[in-house]
Amino acid sequence: MASGNRDSVLLEAQKSRVKPPPLYKVMLLNDDYTPMDFVVAVLQTFFSMTREQATQVMLKVHREGMGVCGVYPKDVAATKVEQVVSFSRKHQHPLQCVMEET
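K.L.:
Help me get a handle on the pattern of salt bridges, residues and values and all.
P.N.:
What the rule picks out here adds up to 2 salt bridges. Close ionic contact of Glu100 with Lys25 constitutes a salt bridge, the shortest N to O distance being 3.3 Å. Within this pair, whereas Glu100 is found in strand β3 (residues 96-101), its partner Lys25 is found in strand β1 (residues 23-29), the two being separated by 75 residues in sequence. Judged by its relative accessible area of 39%, Glu100 is partly exposed. We classify Lys25 as partly exposed; its relative accessible area is 23%. For Glu64, the salt bridge is made with Lys60, and the minimal N-O distance between the two is 2.9 Å. Of this pair, Glu64 and Lys60 both sit in helix α2 (residues 51-64), 4 residues apart, roughly one helical turn. Taking relative accessible area as the criterion, Lys60 reaches 37% and is therefore assigned partly exposed.

What counts and how
Residues numbered from 1 in each chain as written. Predicted model: local features only at pLDDT ≥ 70, side-chain atom pairs only at ≥ 80, totals over all residues. Heavy atoms only, no water. Salt bridge = Lys/Arg side-chain N within 4 Å of Asp/Glu carboxyl O. Helix = DSSP H or I, 4+ residues; strand = E, 2+ residues; numbered from the N terminus. Buried < 20%, exposed > 50% of the residue type's maximum accessible area, 1.4 Å probe, protein only.

As structure tokens, this is what we get:
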């Protein structure tokens, strides 16, 4: 009798690599009307920055026209932009917040 050996097929597990989601920079844009203290408060409130960090970003916005507040996945970045714009409008400031893919 046969020993019962069958030809068996061994399947190799394929390693699938999941690509990480693209990240987006959230940036504040300079304007001539929004007070610097308000920008610092926004950075502290919505981006969890210390007063010193917020002041440095605010000065970068003021001097260079734009400053990066953080880098996030798309949905988080969009939420941050909406929160900042809504908060600014509520307080009657024209502060602009935008996002851009890194």
